[in-house]
Amino acid sequence: MRLPQLKADDYSLVDVEQVKKMADEFLAKGFTYFDTAYPYHLGKSEEAFRKAVAKRYPRTAYTITDKMPCWLIHSAADMQRIFDEQLQRCGVDYFDYYWIHALNKEYYRTIQKFDGFGFVSKMKAEGKIKHIGFSFHDEPALLEQILNDHPESEYVQLQINYIDWSNPSVSAGICYEIATRHGKPVIVMEPVKGGSLAKVPEEAEKLFKDYNPESSVASWAVRYAASLDNVMVVLSGMSNMEQMGDNLSYMDDFKPLNEEESSIVAKAGTIINGSIAIPCTACHYCTEGCPQHICIPEYFSLYNTIHQFGRERQWMNTSTYYGVLNDSYGKASDCIECGQCEDHCPQHIPIIDNLKKVAEMFE
């Protein structure tokens, strides 16, 4: 979902040629798992996968995951239509893994109403899906309910990283324990929390570098998630060859965190949690359909930069970029408080109130 782009401010213009090079390197190292979804890159992620992988490699060389967008399901017929479109976009005859996407209370009601789990089970029976499951963004009690209601789910995708493990708004640790108790392997999303755990406060970075100067800051986050016993796959939204190379350097011969490293991560997490103002992961779910065309994640990133690193150090760059973004997008103060962004936010961020803070800081 964070593929390289031809233009930094156009999420739909994927740099397919660079994706090809990244995919080649990934597959050459023996990795196979590609993850996409219907809305990623404004619908262009699935097409990028087809061009970079499906058209260039035999079907046995890779595994592909896709997801049913619950928020677009208004009838049972929508599921078949979207599923067929996804197969065409990805250029495949079947999905190795297919999920109900981003379940929360509202979306679960929709999926139950139209028997979404029955639909994916039917596609599995027809050989169009190998394995079924769901990704989850809500409270632990709902996860428990879904797993009780649908034991046919083979795995669960959860947001897990070292600053969300005990965060009550995410409850990553509790959700992981529930999935484990139900015997469902966990696929990890947001291990680097939208890149925020690749660029951390100096105090936290010093902890990492003092222990191992050669390891990237991001590697600590990915290794933290991958060290959990019940984790099946750790996803990483890599945006360039440098990030790809870094990930492969330590995942090619993976070593779990030792006791001392785990202690360092815990200390770093405490420091970082105290510095993040808005816990946005830049998934862009909030921007689809925004009537004011406000680039919410980008504005939140600028606000967090000031909050983490200080106005004195970062004001010139962030304020200039805010002005540049205003040329193509609505300002933070243009928000009409319709609330559609908050309905779609997996992190349950009070987006409207935070946009007011952004406007106060930059406008």
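All chains use their own residue numbering, which begins from 1 and follows the written sequence. Owing to the predicted nature of the model, reporting of local features is limited to residues with pLDDT of at least 70; listing and counting of side-chain atom pairs is limited to 80 or more, with chain, interface and lining totals taken over all residues. With hydrogens and water excluded, all non-hydrogen atoms of the structure serve as input to the side-chain values.

Caption draft 1: Fine view of the sheet that holds strand E2 (residues 63-69). Strands qualify as paired when DSSP identifies two bridges or more between them. Helix and strand definitions here come from DSSP, where helices need a minimum of 4 consecutive H or I residues and strands a minimum of 2 consecutive E residues; each element is numbered from the N-terminal end. The sheet built from 7 strands is open, its strands ordered E1-E2-E3-E4-E5-E6-E7 with parallel pairing. Strand pairing shows two members of the sheet lacking a second neighbour, strand E1 (33-35) and strand E7 (231-234), which therefore form its edges. Neighbour-to-neighbour, the strand axes of the sheet open up by a mean angle of 30°, direction not taken into account. Taken together, the 6 bridges between strand E3 (residues 95-103) and strand E4 (residues 129-136) define a ladder with parallel strand orientation. Bridge pairing links Ile100 to Phe134 in E4. It only takes one pair of heavy atoms within 4.5 Å for two residues to be counted as in contact. Note on geometry: axes are lines fitted to C-alpha atoms, helical ones only across the stretch in contact, with angles between N-to-C directions running from 0 to 180 degrees. Against the sheet, helix H6 (residues 140-149) makes contact with E3, E4 and strand E5 (156-159), and its axis sits at roughly 155° relative to E4, the strand it touches most.

Caption draft 2: Representation of the nonpolar core. Each nonpolar core is a collection of buried residues, namely Ala, Val, Leu, Ile, Met, Phe, Trp, Tyr and Cys, held together in the definition by side-chain atoms within 4.5 Å. Classification of residues uses two cut-offs on accessible area relative to the type maximum, computed with a 1.4 Å probe and protein chains only: under 20% is buried, over 50% is exposed, and between them is partly exposed. Among the nonpolar cores identified, the biggest contains 64 residues, and Leu103, Phe134 and Phe136 are the most heavily contacted of them. The residues touching Leu103, leaving out its near neighbours within four places in the chain, are Cys70, Tyr108, Ile111, Phe117, Phe134, Ser135, Phe136, His137, Asp138 and Ile146. Residues Cys280, Ile296, Leu325 and Ala332 belong to the second largest nonpolar core, which totals 25 residues.

Caption draft 3: Examining helix H15 (residues 351-362) more closely. The span you would expect from a helix comes to 1.5 Å times its residue count less one. Here H15 is 12 residues long and its end C-alpha atoms lie 16 Å apart, about the 16 Å a rise of 1.5 Å per residue gives. For H15, the full list of buried residues reads Ile351, Ile352, Asn354, Leu355, Val358, Ala359, Met361 and Phe362.

Caption draft 4: Geometry of a negative patch on the surface. Patch rule: a residue counts if its relative accessible area is over 30% and it has no salt bridge; like charges are joined within 9 Å, and nonpolar side chains (Val, Leu, Ile, Met, Phe, Trp, Tyr) within 5 Å. The accessible surface values rely on the Shrake-Rupley method and a 1.4 Å probe; as for residues, cover is taken only from the protein chains in view. Note on definitions: salt bridges are taken to be side-chain nitrogens of Lys or Arg within 4 Å of carboxyl oxygens of Asp or Glu. Residues counted as positive are Lys and Arg, residues counted as negative are Asp and Glu, and His and the chain ends are not counted. To locate a charge, take NZ of a lysine, CZ of an arginine, CG of an aspartate or CD of a glutamate. Negative charge collects at one region of the surface, where Glu106, Glu342, Asp343 and Asp353 lie side by side. In this structure, Glu342 sits in helix H14 (residues 340-344).

Caption draft 5: Representation of the packing of helix H3 (residues 76-90) against helix H5 (residues 116-125). Across the interface, H3 lies against H5 with an axial gap of 10 Å and an inter-helix angle of 40°. One element, H3, and the other, H5, form an angle in the oblique class. Helix-helix and strand crossings are classified by hand; for H3 and H5 the assignment is right-handed. Here Met79, Gln80 and Phe83 of H3 come into contact with H5, specifically with Gly116, Phe119 and Met123. Here the contact of H3 with H5 is built from residues that sort into 4 nonpolar, 2 polar and no charged. For classification purposes, angles smaller than 35 degrees are called roughly parallel, those larger than 145 roughly antiparallel, those between 65 and 115 roughly perpendicular, and all remaining angles oblique. Crossings are assigned a handedness: left-handed for a near helix turned anticlockwise from the far helix by less than a right angle, right-handed for a clockwise turn. In this classification, Asp, Glu, Lys and Arg are treated as charged, Ala, Val, Leu, Ile, Met, Phe, Trp, Tyr, Cys and Pro as nonpolar, and every other residue, Gly included, as polar.

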